Amino acid sequence: MMTHATRILTVDDSPSMRALLLHALTAQGFHVEQAEDGQAALEWLAMNEVDVVITDINMPRMDGFGLIEHLRGSARHADRPILVLSTESSDEKKQRARNAGATGWIVKPFDADKLASAVRRVTH
Amino acid sequence: MNSDDIQNIFFIECEESLEAAEAGLDACKAGTQDGETINAIFRAVHSIKGGAGAFGYAALQAFTHTFETLLSEVREGSVALDAELVNMMLLALDCLRDHVDAARSGTDAPDDAAIMARLEQAVETSQANGDAGAAAKPASGKTQAEDLDALLDDLLAAEPQDEDAPVEEAPAGEAAATWQVHLRPHAGAMANGSEPMLWLRELRGLGGECIACDTDSVPPLGEFDVAEGYLGWTFAMPGEVTHEHVAEIFDFVGEDCSIAWGSEETIPPLRPRPAEPAAAEPQVTEAAVEPAKPGDSKEVAKPAPAPAPAAQAAPTQSIRVDLSKLDTLIDGVGELVIAQAMLAQRLANENLAHIEELAMLEGLVRDIQEHAMAFRAQPIGSVFSRVPRLLRELSSSTGKHVKLQVTGETTELDKTVIERLSEPLTHLIRNAVDHGIEDAEERQAAGKDPEGTLSLSAEQKAGRIVIRIADDGRGIAADKVLAKAVANGLVEEGAQLSQDEINNLIFAPGFSTAAQVSSISGRGVGMDVVRQNVKDLGGRITIESTPGAGTAFVLALPLTLAISDGMIVQLGDQSLVIPLTHVVESLRPQPGDLKGMGTDRQMLNVRGRFLPVVPLAAIAGRDMATTDPCEGVLVIVETESYGQAALLVDAITDQRQFVIKTLDTHYRAVDSVAGATILGNGRVALIVDVDQLVKTASAMDQGGPANLLAAA
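Residues numbered from 1 in each chain as written. Chains lettered and ligands numbered in written order. Predicted model: local features only at pLDDT ≥ 70, side-chain atom pairs only at ≥ 80, totals over all residues. Heavy atoms only, no water.

Draft legend 1. Quick look at the overall build of chain A. Each helix and strand counted, chain A has 5 helices and 5 strands in total. When the helices and strands of chain A are placed in sequence order, the string is β-α-β-α-β-α-β-α-β-α. Buried residues in chain A amount to 66% of all 124 residues. Sequence separation of 24 or more characterises 63% of the internal contacts of chain A that already satisfy a separation of 6 or more. Approximately 4300 Å² of chain A is accessible, and the part contributed by carbon and sulfur atoms is 50%. (Helix = DSSP H or I, 4+ residues; strand = E, 2+ residues; numbered from the N terminus. Buried < 20%, exposed > 50% of the residue type's maximum accessible area, 1.4 Å probe, protein only. Contact = heavy atoms within 4.5 Å. Areas by Shrake-Rupley, 256 points an atom, 1.4 Å probe, with all protein chains shown as cover.)

Now the structure itself:
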């Protein structure tokens with residue numbers, strides 16, 4: 001059991017989605033950090049620790065697939081749970097995310113409780 | 001932050017997305033159709049769709065979904081992006097804007113049936129053309145209801161096609177009955193942060209009980225591979241737990257775990273691969289030390305290249321700040337400016353005006369002031385960018401095709417000015433297209449390009465922002481305007497007016513030249529309202545018109561509303577501020593220029609026109625200042641609705657910028673006083689409300705307005 005609150009990094013280019021996630025996840029007792037695209041997430045993760053990453057797919061600069069690939073390629077984040085939160089739900093996209101190394105896939109619009117239980121599912 | 005705040009963020013974001021999409025489509029129209037431009041349009045629409053779903057705007061979500069589907073086809077290259085399609089997407093974008101507006105204001109969603117049909121048509125055409133890629137395109141051309149179902153399916157079903165009726169099975173049995181689920185994680189399930197143990201925990205958490213564990217495949221210890229899966233389980237789930245609930249746990253697990261549903265099934269077999277035997281349970285935490293990267297990661301997207309400038313309006317980093325915080329800062333800067341001026345005056349009194357530190361302070365204060373004002377500044381492009389849509393609408397309602405030329409869209413001006421500018425600007429553009437630009441036939445007959453041109457420009461000039469709205473139409477017909485003005489009683493029959501004066505008649509209240517009010521420009525507001533709007537912003541509007549060659553409206557606006565220019569005038573021992581926007585000229589009259597009227601009123605003859613003389617002394621207190629115009633100075637001011645008047649003051653002492661403080665909040669509203677400001681010498685000076693003052697002066701027969709300074 002971890003002694004601190006589960007730390008989540010959410011990656012989404014949409015400010016309203018970030019606000020929603022912050023609101024929903026903080027209310028569930030998580031510690032939330034936010035990045036606005038894959039590149040910013042990588043930069044943040046280079047300096048900080050996190051328990052779970054929740055990322056969007058469609059983002060400027062570096063998209064969700066790119067972020068997952070980079071994280072899986074790094075020693076520190078190779079086994080970090082990464083959940084994809086996307087409006088996309090095609091099998092093709094899911095397979096791509098799986099191949100890149102995503103841990104889970106949640107379809108937007110998300111339900112706060114389900115998202116929280118998905119996070120708990122991938123953490124200890 | 002409550003949900004309203006978050007929704008507001010969403011709507012701001014919608015605006016940005018709409019602008020980005022429009023910029024992208026414009027770039028497409030201009031010939032830039034590279035992947036990043038199209039991707040940026042897709043992302044913009046996609047982002048609106050995401051929020052629409054999250055906030056429950058079903059109509060907006062449905063529309064963005066259809067739009068996005070088409071964009072995704074375009075992105076994949078299965079739909080050719082020709083001019084017709086770009087135009088159609090621009091129309092779709094207009095409709096999307098209406099959808100967003102409807103969602104924001106809570107009104108009914110716009111009628112999007114026609115444009116929806118066209119979007120779907122475009123998608124279907126592409127699918128008919130190339131069904132090879134059809135598998136990769138989910139939900140294209142489906143109705144919204146089907147889409148939602150599809151989303152739900154994806155959310156719920158791990159491998160729905162494999163099982164027949166477990167959904168029925170669960171509720172069909174007796175309440176206490178259990179049902180079975182069998183699972184076997186394969187090698188990949190241990191990688192990528194997945195942990196089969198967590199699934200088992202979760203099944204337990206739902207009340208499931210492990211009734212069988214297949215250990216047949218566990219190899220001898222020496223051949224044990226930590227990343228391999230050797231175990232399979234059967235769980236008995238309580239009857240009240242639904243299949244969906246369990247399936248959710250395994251959503252996205254994909255092929256990494258085989259699952260079978262129902263008691264007639266068994267634990268799925270181990271995936272055929274050269275498995276070396278070993279012992280013990282899979283140590284999941286160590287499993288990912290060497291993550292078995294499954295599949296071909298080659299096809300995974302590369303990081304997106306740097307966005308194309310055409311598609312990405314603001315690649316610079318920015319932060320969002322609450323507007324009220326910003327205004328507090330700007331207020332503070334205003335105070336700082338005043339304090340600095342007071343200090344300078346004080347030092348000047350001590351003969352210390354030229355000390356170095358003061359000059360330094362002055363420079364710093366000026367810098368801070370400029371930067372603070374820049375915070376509120378926004379490029380006027382945000383207003384200009386709405387014009388193409390307006391022209392499209394006008395084009396469909398009038399049949400006149402108009403080209404748009406825009407220059408200086410990066411010119412920045414105050415946010416409030418920008419917001420309040422869009423209404424008068426819209427009106428002027430409607431007028432230009434409706435009245436200014438001729439029909440194609442008429443233009444051809446006059447030897448012009450059948451397509452009209454509207455040019456918008458903005459530039460900063462002498463501390464003001466000058467916006468020019470010019471058309472190449474027929475120009476203002478002086479004779480028609482004059483005839484109309486005479487008919488409406490605005491001008492005496494036979495009056496001799498200059499071209500400028502005639503042009504300015506169109507700003508007179510109750511003036512309208514169109515024989516019948518058209519649905520385009522005649523929306524119940526006339527040019528007088530436009531002029532008032534501009535005036536309220538502290539600006540001026542002028543007309544340049546050449547018959548046969550076109551008309552230009554020129555708006556000169558202040559850079560900011562927080563600080564205005566004023567003329568400081570002296571009355572006895574009082575200082576007053578007259579806002580400079582009202583001041584036409586100032587003069588020292590000769591006795592012959594004045595004519596008495598009634599008991600104690602006087603009129604000033606200015607080049608043949610008679611203006612009422614309004615002694616400001618009446619405000620300041622009679623005995624303090626001069627009442628003889630020949631001893632003082634007359635400041636001629638202009639008002640929108642009440643004409644001109646000559647304000648009598650003792651002297652003009654200065655012209656400077658001032659920060660307006662309203663009396664309403666600090667004291668109470670006072671007639672003929674617009675507010676107060678603090679002068680460099682630390683004294684409070686009242687700002688004259690010129691409109692009110694001239695109105696009162698022209699309404700009264702004799703006597704002056706109430707002695708207002710008694711209150712100050």
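Draft legend 2. Main features of the packing of helix 3 (residues 58–76) of chain B against helix 4 (residues 83–105) of chain B. Residue and element names in this part refer to chain B. Taken N-terminus to C-terminus, the directions of helix 3 and helix 4 make an angle of 155 degrees; their axes are 10 Å apart at the nearest point. With respect to each other, helix 3 and helix 4 are oriented roughly antiparallel. Judged by the sense of rotation from one axis to the other, the crossing of helix 3 with helix 4 is left-handed. On helix 4, the residues touching Ala59, Leu60, Phe63, Thr64, Phe67, Leu70, Leu71 and Val74 of helix 3 are Leu85, Met88, Met89, Ala92, Leu93, Cys95, Leu96, His99, Val100 and Ala103. Of the residues assigned to the contact of helix 3 with helix 4, the class counts are 16 nonpolar, 2 polar and no charged. (Axes fitted to C-alpha atoms, helices over the stretch in contact; angles between N-to-C directions. Parallel < 35°, antiparallel > 145°, perpendicular 65-115°, else oblique. Left-handed = near helix turned anticlockwise from the far one by under 90°. Nonpolar A, V, L, I, M, F, W, Y, C, P; charged D, E, K, R; others polar.)

Draft legend 3. Region of interest: the UniProt feature "modified residue: Phosphohistidine" (unreviewed entry) in chain B. The residues that UniProt annotates with the feature "modified residue: Phosphohistidine" (unreviewed entry) are His46 of chain B. Considering the arrangement of structural elements, one finds His46 of chain B in helix 2 (residues 35–55). Setting aside chain neighbours within four positions, we find His46 of chain B in contact with Asn58, Thr87 and Glu88 of chain A together with Glu68 of chain B. (UniProt positions renumbered as here; feature names shortened; annotations may be inferred.)

Draft legend 4. Region of the structure containing the packing of aromatic side chains. Residue and element names in this part refer to chain B. For the structure shown, the criterion picks out 6 aromatic pairs over all chains. With 5.2 Å between their ring centres and 40 degrees between their planes, Phe10 and Phe55 make a pair best called tilted. With a gap of 45 residues between them, Phe10 in helix 1 (residues 3–29) and Phe55 in helix 2 connect regions that are remote in the sequence. Accessibility classification places Phe10 together with Phe55 in one group, the buried group. Judged by centre distance (6.3 Å) and plane angle (75 degrees), the rings of Phe507 and Phe553 are edge-to-face. In this pair, Phe507 sits in the loop between helix 18 (499–505) and helix 19 (527–536) while Phe553 sits in strand 11 (residues 550–558), placing the two residues 46 residues apart along the sequence. (Phe/Tyr/Trp six-rings, centres within 6.5 Å; stacked < 30°, edge-to-face > 60°.)

Draft legend 5. Geometry of the sheet that holds strand 2 (residues 209–214) of chain B. Residue and element names in this part refer to chain B. Sheet architecture is open: 4 strands sit in the order 2-3-1-4, paired in antiparallel fashion. Each of the sheet's edge strands pairs with one partner strand only, and the pair in question is strand 2 and strand 4 (257–261). For this sheet, the mean inter-axis angle between neighbouring strands, taken without regard to orientation, is 20 degrees. Against the sheet, helix 8 (residues 196–205) touches strand 1 (178–185), strand 3 (232–238) and strand 4, its axis set at about 25 degrees to strand 3. (Pairing = 2+ DSSP bridges.)

Draft legend 6. Spotlight on helix 8 of chain B. Of all the positions in helix 8 of chain B, only Pro196, Leu198, Trp199, Leu200 and Leu203 of chain B are classed as buried. Of the residues one or two after helix 8 of chain B, Gly207 of chain B is the one with positive phi, at around 100 degrees.

Draft legend 7. Representation of the packing of helix 1 of chain B against helix 4 of chain B in the model. Residues and elements named next belong to chain B. Two elements in contact, helix 1 and helix 4, have axes whose closest approach is 10 Å; the angle formed by their N-to-C orientations is 170 degrees. When the interaxial angle is binned, helix 1 and helix 4 end up roughly antiparallel. Taking contact as the criterion, the partners of Phe11, Cys14, Glu15, Leu18, Ala21, Glu22, Leu25, Asp26, Cys28 and Lys29 in helix 1 are, on helix 4, Val86, Asn87, Met89, Leu90, Leu93, Leu96, Arg97, Val100, Asp101, Ala103 and Arg104. Per-class residue counts for the contact of helix 1 with helix 4 are 13 nonpolar, 1 polar and 7 charged.

Draft legend 8. Examining the sheet that holds strand 6 (residues 402–407) of chain B more closely. All names here are of chain B. What the 5 strands build is an open sheet, ordered 6-8-9-11-10; its pairing is mixed. Only two strands of the sheet have a single partner each, and these edge strands are strand 6 and strand 10 (540–546). Averaged over all neighbouring strand pairs, the angle between strand axes comes to 15 degrees, with direction disregarded. Summarising the sheet, strand 6 and strand 8 (residues 452–461) pair through 6 bridges and their orientation is parallel. Residue pairing for strand 8: Lys403 is matched across the bridge by Thr453. Each of strand 6 and strand 8 touches helix 14 (residues 387–398); the most contacted strand, strand 6, lies at about 165 degrees to it. Along the sheet, helix 19 contacts strand 10 and strand 11; its crossing angle with strand 10, the most-contacted strand, is approximately 135 degrees.

Draft legend 9. Molecular detail of a nonpolar patch on the surface. Residues and elements named next belong to chain B. Taken together, the side chains of Met342, Ile678 and Val684 make up a nonpolar region of the molecular surface, amounting to roughly 230 Å² of accessible area. Tracing the sequence through the fold places Met342 in helix 11 (residues 323–349). For Met342, a relative accessible area of 34% puts it in the partly exposed group. (Patch = residues over 30% accessible without salt bridge, like charges linked within 9 Å, V, L, I, M, F, W, Y side chains within 5 Å. Salt bridge = Lys/Arg side-chain N within 4 Å of Asp/Glu carboxyl O.)

Draft legend 10. Geometry of the nonpolar core. All names here are of chain B. In terms of nonpolar packing, the biggest core is built from 63 residues, with Phe67 and Leu96 touching the most fellow members. Here the element with the most residues in this core is helix 4; it accounts for 11 residues. Excluding residues within four positions of it along the chain, Phe67 makes contact with Val45, Met89, Ala92, Leu93, Leu96 and Leu119. Within the second largest apolar cluster, 44 residues are counted, among which are Leu390, Leu394, Leu413 and Leu428. (Core = buried A, V, L, I, M, F, W, Y, C linked by side-chain atoms within 4.5 Å.)

Draft legend 11. Focus on the pattern of salt bridges. Residues and elements named next belong to chain B. Taken as a whole, this structure holds 24 salt bridges over all chains when the rule is applied. A salt bridge links Glu22 to Arg97; its shortest N-O distance comes to 2.6 Å. One end of the pair, Glu22, is in helix 1; the other, Arg97, is in helix 4, and 75 residues separate them in sequence. Between Arg443 and Glu438 there is a salt bridge, and its shortest N-O distance comes to 2.9 Å. For Arg443, a relative accessible area of 0% gives the class buried. Taking relative accessible area as the criterion, Glu438 reaches 4% and is therefore assigned buried. The network of salt bridges with shared partners includes Glu22, Asp94, Arg97, Asp98, Arg389, Arg392 and Glu393.

Draft legend 12. Summary view of the pairing of strand 2 (residues 31–35) of chain A. All names here are of chain A. Where strand 1 (residues 7–11) meets strand 2, 5 bridges bridge the pair, whose relative direction is parallel. For Thr10, the partnering residue across the bridge sits in strand 2 and is Gln34. Regarding the hand of the β-α-β motif, the stretch spanning strand 1, helix 1 (residues 15–27) and strand 2 is right-handed. (Right-handed = clockwise from strand over helix to strand, strands pointing away.)

Draft legend 13. Examining helix 4 of chain B more closely. For helix 4 of chain B, spanning 23 residues, the distance from its first C-alpha to its last is 33 Å, which sits close to the expected 33 Å at 1.5 Å a residue. At the exit of helix 4 of chain B stands Gly106 of chain B, carrying a positive phi of roughly 75 degrees. (Expected span 1.5 Å × (residues − 1).)

Draft legend 14. Layout of the environment of Leu648 of chain B. Residue and element names in this part refer to chain B. The topology assignment puts Leu648 in strand 19 (residues 644–649). Residue Leu648 is classed as buried on the basis of its relative accessible area of 1%. Distance in space between the C-alpha atoms of Leu648 and Val569 is 9.8 Å, their sequence separation being 79 residues.

Draft legend 15. Quick look at the confidence of the model for chain B. All names here are of chain B. Taken over all residues, the pLDDT of chain B has a mean of 75, while the share at 70 or more is 78%. Averaged pLDDT values for the elements of chain B fall to 40 in helix 10 (residues 284–287) and rise to 89 in strand 6. In the predicted structure, residues 701–712 sits below a pLDDT of 50 and forms 26 contacts with residues beyond four places in sequence or in another chain. Two numbers describe this predicted complex: its pTM, 0.47, and its ipTM, 0.76. (pLDDT = per-residue confidence, 0-100.)

Draft legend 16. Local environment of unusual backbone geometry. All names here are of chain B. The backbone of Asn351 sits at a positive phi, close to 60 degrees, despite the residue not being glycine. Note that Asn351 resides in the loop between helix 11 and helix 12 (356–376). With relative accessibility at 73%, the residue Asn351 sits in the exposed group. A positive phi angle is found at Arg607, which is not glycine, with a value near 45 degrees. Within the secondary structure, Arg607 sits in the loop between strand 16 (601–606) and strand 17 (609–615). Arg607 gets classed as exposed once you look at its relative accessible area, which sits at 68%.

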